[in-house]
Amino acid sequence: MSPQFDTRPAAYAVIVKEERILLAYWKQDDKEGWTLPGGGLDFAEHPVDGCRREVREETGYEARVDRMLGIDVGHWPGETQADGSVRGFEALRIVYEATVVGGELTYEVDGSTTHAAWIPLHDVGKLNRVSLVDTALRLHSERPADGKPGTEG
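Keep in mind the model is a prediction, meaning the values are calculated, not measured. (Residues numbered from 1 in each chain as written. Predicted model: local features only at pLDDT ≥ 70, side-chain atom pairs only at ≥ 80, totals over all residues. Heavy atoms only, no water.)

K.L.:
Got a minute to help me understand the overall build of the chain in this structure?
P.N.:
Within the chain one finds two helices and eight strands. The N-to-C order of helical and strand elements in the chain reads β-β-β-β-β-α-β-β-β-α. Along the longest, intermediate and shortest principal axes, the C-alpha atoms of the chain span 50 × 40 × 35 Å. Counting over 153 residues, the chain shows a buried share of 40%. Restricting the contact set of the chain to residue pairs at least 6 apart, pairs at least 24 apart contribute 67%. Here the chain displays about 8800 Å² of accessible surface, and carbon together with sulfur accounts for 50% of that area. For the chain, the distance from the average position of its 17 positive side-chain charges to the average position of its 27 negative side-chain charges is 4 Å. (Helix = DSSP H or I, 4+ residues; strand = E, 2+ residues; numbered from the N terminus. Buried < 20%, exposed > 50% of the residue type's maximum accessible area, 1.4 Å probe, protein only. Contact = heavy atoms within 4.5 Å. Areas by Shrake-Rupley, 256 points an atom, 1.4 Å probe, with all protein chains shown as cover. Lys, Arg positive; Asp, Glu negative; His and termini not counted. Charge placed at Lys NZ, Arg CZ, Asp CG, Glu CD.)

Written out as structure tokens, the structure is:
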């Protein structure tokens, strides 16, 4: 019998302008940190559309998705569900390079992020951030042909 797990597809944007990156501050339960604008896809939503929607919701900006940089896979061990079953969780995080094409910086209301900001790239390493930020910056820098972080294309 194969292990049981839930999978959540998500799309995120790497938006870099003038040596600054657009990040959103994520806070959920007892976890928090800077992350990329983005998040889970709605049922049957194309990842490009979901990425643009999430950028708009979390930052107020309209974004053009320019290209896919790669896919990050996150996984967490099984937890007991309400029905008594134990299932792990896997996140398939599609990372795109994007450009702001309109709108103005605003904060998400009643969402999983509290605010967004343009952070100088040289300051990112000092931030409390989720691992996706480092992975996305590696993808942005390396641009692997196969879309897998840390590999050669």
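K.L.:
Any chance you could explain the packing of aromatic side chains here in plain terms?
P.N.:
Two descriptors summarise a pair of aromatic rings, namely the distance from one centre to the other and the angle between the planes of the rings. With the rule as written, the count across this model stands at two aromatic pairs. When the centroid spacing of 5.2 Å and the interplanar angle of 80° are considered together, the rings of Tyr25 and Trp34 count as edge-to-face. The pair Tyr25 / Trp34 is uniform in exposure class, with both members buried. (Phe/Tyr/Trp six-rings, centres within 6.5 Å; stacked < 30°, edge-to-face > 60°.)

K.L.:
Before we go on, may I ask you to explain unusual backbone geometry in this structure?
P.N.:
A positive phi angle, near 50°, is found at Glu18, a position not held by glycine. Considering the arrangement of structural elements, one finds Glu18 in the loop between strand 2 (16-17) and strand 3 (20-28). At Arg143, a residue that is not glycine, the phi angle is positive and equals roughly 50°. Using a relative accessible area of 32% as the deciding quantity, one classes Arg143 as partly exposed.

K.L.:
What is the right way to read helix 2 (residues 131-142) from this model?
P.N.:
An α-helical turn contains 3.6 residues, so a residue and the one three or four places further along point in the same direction. Taking 1.5 Å of rise per residue, 12 residues should cover 16 Å, and helix 2 covers 17 Å from first to last C-alpha, within 8% of that figure. At the exit of helix 2 stands Arg143, carrying a positive phi of roughly 50°. (Expected span 1.5 Å × (residues − 1).)

K.L.:
I tried to follow helix 1 (residues 47-59) on my own but got confused; where do I start?
P.N.:
Here helix 1 spans 18 Å end to end across 13 residues, near enough to the 18 Å set by a 1.5 Å rise per residue. Remark: Gly60 follows helix 1 within two positions and exhibits a positive phi of approximately 90°.

K.L.:
Help me out: how do you make sense of a nonpolar patch on the surface in this one?
P.N.:
Residues Met68, Ile71, Val73 and Leu92 make up a contiguous nonpolar surface patch of roughly 310 Å² in combined accessible area. Here the nonpolar patch takes three residues from strand 6 (residues 61-80), the largest share from any one element. (Patch = residues over 30% accessible without salt bridge, like charges linked within 9 Å, V, L, I, M, F, W, Y side chains within 5 Å. Salt bridge = Lys/Arg side-chain N within 4 Å of Asp/Glu carboxyl O.)

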